[in-house]
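Next come the chains, spelled out residue by residue.
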Amino acid sequence: MKARMPHESNDNESPPATALHAEPDAHGQAALLLVESLIHELVAQSALTPATAVDVIETATNVSREIAEDRGASAETLRTSQSLLSAISQSLSRDIR
């Protein structure tokens, strides 16, 4: 009889159900911080206008809604995603003059 190995996960698998609400996803947090920092730096370097950056975030907001609908994501997950994108958009909107 084989001993059962604990569940091992990688980036290509969904986390086990018990891990879904334990803590925020470290990969997701790092990715969001990296992308937001990159957008702000592109604006600071005048490689991207603040208005264009806000348009990019609006596109991401619409896409996240479509993905959530297609995958049957919970209302809470969609709300959280939309809230994060809205906060980024608001921080970039302050740079539009």
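Structure: see above.
Since this is a predicted model, take the numbers as computed values, not measurements.

Q: Residue-level account of the side chain of Ser-64, with values.
A: Note on placement: Ser-64 falls in helix α2 (residues 50–71). For Ser-64, the residues in contact, after removing those within four places along its chain, are Leu-78, Ser-81, Gln-82 and Leu-85.

Q: Talk me through helix α3 (residues 75–93); I want residue IDs and the actual numbers.
A: When the terminal C-alpha atoms of α3 are compared, their 26 Å separation across 19 residues agrees well with the 27 Å that a helix rising 1.5 Å per residue should span. Considering only its buried residues, α3 is in contact with α1 (26–44) and α2.

Q: Go over the packing of α1 against α3 with me, naming the residues and quoting the values.
A: Between α1 and α3, the shortest axis-to-axis distance is 11 Å and the interhelical angle comes to 20 degrees. Relative to α3, the element α1 is oriented roughly parallel. The handedness of the crossing between α1 and α3 comes out as right-handed. Here Leu-32, Glu-36, Ile-39, His-40 and Val-43 of α1 come into contact with α3, specifically with Leu-84, Ile-88, Ser-91 and Leu-92. A per-class count over the contact of α1 with α3 returns 6 nonpolar, 2 polar and 1 charged.

The rules behind each value
Residues numbered from 1 in each chain as written. Predicted model: local features only at pLDDT ≥ 70, side-chain atom pairs only at ≥ 80, totals over all residues. Heavy atoms only, no water. Helix = DSSP H or I, 4+ residues; strand = E, 2+ residues; numbered from the N terminus. Contact = heavy atoms within 4.5 Å. Expected span 1.5 Å × (residues − 1). Axes fitted to C-alpha atoms, helices over the stretch in contact; angles between N-to-C directions. Parallel < 35°, antiparallel > 145°, perpendicular 65-115°, else oblique. Left-handed = near helix turned anticlockwise from the far one by under 90°. Nonpolar A, V, L, I, M, F, W, Y, C, P; charged D, E, K, R; others polar.

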